[in-house]
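Residue-level structural notes
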Amino acid sequence: MPHLPNAVLWSIPAFVLLAVVEMASYRFHPDDDAEGYAAKDAATSVTMGLGSLVFDLVWKIPIVAIYAAIYELTPLHVPVLWWTLPLMLLAQDFFYYWSHRGHHVIRILWACHVVHHSSRNFNFTTALRQPWTTWTVWPFYVPMIALGVHPAAVAFCSSVNLVYQFWIHTERIGTLPRPIEFVFNTPSHHRVHHASQGGYLDRNFGGILIVWDRLFGSFVPEIERPVYGLTKNIDTYNPLRVATHEYAAIARDIAAARGWRERAGRVFRGPGWQPGPVPEGGLATETGPATEIGPATETGPATETGPATETGPATEPGSPPEAGPREPVGESVR
């Protein structure tokens, strides 16, 4: 088994130092156009991060067992060498993109990931606001294991990806030189991802690289200042509620559902999916599937093709996004 470090654990001192420096920068050089820090919000984010380390150890037990079984069954084995490791990092970043995108458009997966988007601030402590239910992530990396990448190497690549994303959670860095902005995920790109405006929703899913978003039509540049948080914020600093509020909303929606089709939609459709009205003597009709993410131009974020709803991300390029967050149509928040 390759002996690779956990990049997240090794980086914790740097996380703390950079967060302190960023806090000090807001104190000595305030910025009226940035959200900065709020004590309760930052404390909740740090608590969520510490809790995720504990819960990840719990989820790791069955996941490692599954990965190990797949690795033993595959005839392929990729050695960890100086030239294979960058290829593994590239592959992991590719599958991270699809995992991240999936966690935005499938509600039961969103229930895990919504934790990371629940802060109305955007700073280095926001990067630490991690979910406690990451059992939904592991299936996306099964192809890497099946192709012969050792589970320890996948875990190492995932930790490197997570460490990279720490520094892009800041408003203190503007845009970087164009070649960097074109290839890599940057603070500017990630601010769009955390925004709640309609034209910014469900965009810029990349981890280390932004090229996947450019290739698969989910990229939008930062045009106007983002409004952070959810389209309907949860107004709580209770870590347990932050970690579980969307699961509770799903449970309520399932209990109130009018049939199995609606129950399945509440779990596996988009976070804002709603069933249609029930016709006389018939089953509920659907309002329509969530729209697919379409291509966006680099001159402005995509806008929506119809009235603002939570049924899916924006599809067509056009004018800048809405000035403020939208209200969801049901229990789910985005």
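Below, the structure is looked at part by part.

On to the overall build of the protein chain. Along the protein chain, the regular secondary structure elements total twelve helices and two strands. When contacts within the protein chain are restricted to residue pairs at least 6 apart in sequence, long-range pairs at least 24 apart make up 70% of them.

It is worth spelling out helix H2 (residues 39-73) at this point. Look at H2: 50 Å from first C-alpha to last across 35 residues, which is about the 51 Å you get at 1.5 Å a residue. At Lys60, H2 is bent by approximately 40°, the largest bend along its length, and proline Pro62 sits one to four residues beyond. Within H2, the full set of buried residues consists of Asp41, Ala42, Thr44, Ser45, Met48, Gly49, Gly51, Ser52, Ile63, Tyr67 and Tyr71. On its buried face, H2 sits against helix H5 (124-127), helix H6 (142-146), helix H7 (151-164) and helix H11 (239-256).

Okay, a nonpolar patch on the surface next. On the surface, Leu9, Ile12, Val16, Val20, Val46, Leu50 and Leu53 cluster together into a nonpolar patch covering about 560 Å² of accessible area. For the nonpolar patch, the secondary structure elements donating two or more residues are helix H1 (7-28) and H2. It is H1 that contributes the most residues to the nonpolar patch, four residues altogether. Within the element layout of this structure, Ile12 appears in helix H1.

To continue, consider unusual backbone geometry. Of note, the phi angle at Asn204 is positive, near 55°, even though the residue is not glycine. Relative to the helices and strands, Asn204 resides in the loop between helix H9 (187-193) and helix H10 (211-215). Phi at Asp235 takes a positive value of approximately 55°, unusual for a residue other than glycine. Within the secondary structure layout, Asp235 lies in the loop between H10 and H11.

All right, on to the packing of aromatic side chains then. One pass over the structure, following the stated rule, counts 14 aromatic pairs. Ring centres 6.0 Å apart and planes at 70° place the aromatic pair Tyr26 and Tyr37 in the edge-to-face group. Placement of the pair is Tyr26 in helix H1 and Tyr37 in the loop between H1 and H2, with a sequence separation of eleven residues. Given a relative accessible area of 11%, Tyr26 falls into the buried group. When the centroid spacing of 5.0 Å and the interplanar angle of 20° are considered together, the rings of Phe55 and Trp132 count as stacked. Here Phe55, found in helix H2, pairs with Trp132, found in the loop between H5 and H6; they are 77 residues apart in sequence, far enough to count as distant. In this structure Trp132 comes out as buried when scored by relative accessible area, which is 12%. Taken together, the ring pairs in this structure connect Phe94, Phe95, Tyr97, Trp98, Phe205, Trp212 and Phe216 into an aromatic cluster. Cation over ring: Arg214 sits above Phe219, and NZ or CZ is 4.1 Å from the ring centre. The positively charged end of Arg263 is found above the aromatic ring belonging to Trp260, 4.5 Å away from the centroid.

One can describe the packing of H11 onto helix H12 (residues 260-268) by two numbers: an axis separation of 9 Å at closest approach and a directional angle of 170°. Judged by the angle between their axes, H11 and H12 are roughly antiparallel. Together, Ile250, Asp253 and Ile254 of H11 and Arg263, Arg266 and Val267 of H12 make up the contact between the two elements. Taken together, the residues of the contact of H11 with H12 sort by class into three nonpolar, no polar and three charged.

Looking now at the environment of Thr125. Mapping Thr125 onto the fold places it in helix H5. Sequence spacing of Thr125 and Val46 is 79 residues, and the spatial spacing of their C-alpha atoms is 6.3 Å. Each residue touching Thr125, except ones within four places of it in the same chain, is listed here: Ala19, Met23, Tyr37, Ala42, Ser45 and Val46.

Between helix H3 (residues 84-105) and H7, whose axes approach to 9 Å, the crossing angle comes to 70°. Classified by the angle their axes make, H3 and H7 are roughly perpendicular. Crossing angle aside, the handedness with which H3 passes H7 is right-handed. Judged by residue contacts, Leu85, Met88, Leu89, Gln92, Asp93 and Tyr96 of H3 engage Ala153, Val154, Phe156, Cys157, Ser158, Val160 and Asn161 from H7.

Quick notes on the rules
Residues numbered from 1 in each chain as written. Predicted model: local features only at pLDDT ≥ 70, side-chain atom pairs only at ≥ 80, totals over all residues. Heavy atoms only, no water. Helix = DSSP H or I, 4+ residues; strand = E, 2+ residues; numbered from the N terminus. Contact = heavy atoms within 4.5 Å. Expected span 1.5 Å × (residues − 1). Bend = angle between axes of the 7 residues up to and from the residue. Buried < 20%, exposed > 50% of the residue type's maximum accessible area, 1.4 Å probe, protein only. Patch = residues over 30% accessible without salt bridge, like charges linked within 9 Å, V, L, I, M, F, W, Y side chains within 5 Å. Areas by Shrake-Rupley, 256 points an atom, 1.4 Å probe, with all protein chains shown as cover. Salt bridge = Lys/Arg side-chain N within 4 Å of Asp/Glu carboxyl O. Phe/Tyr/Trp six-rings, centres within 6.5 Å; stacked < 30°, edge-to-face > 60°. Lys NZ or Arg CZ within 6 Å of the ring centre and 35° of its normal. Axes fitted to C-alpha atoms, helices over the stretch in contact; angles between N-to-C directions. Parallel < 35°, antiparallel > 145°, perpendicular 65-115°, else oblique. Nonpolar A, V, L, I, M, F, W, Y, C, P; charged D, E, K, R; others polar. Left-handed = near helix turned anticlockwise from the far one by under 90°.

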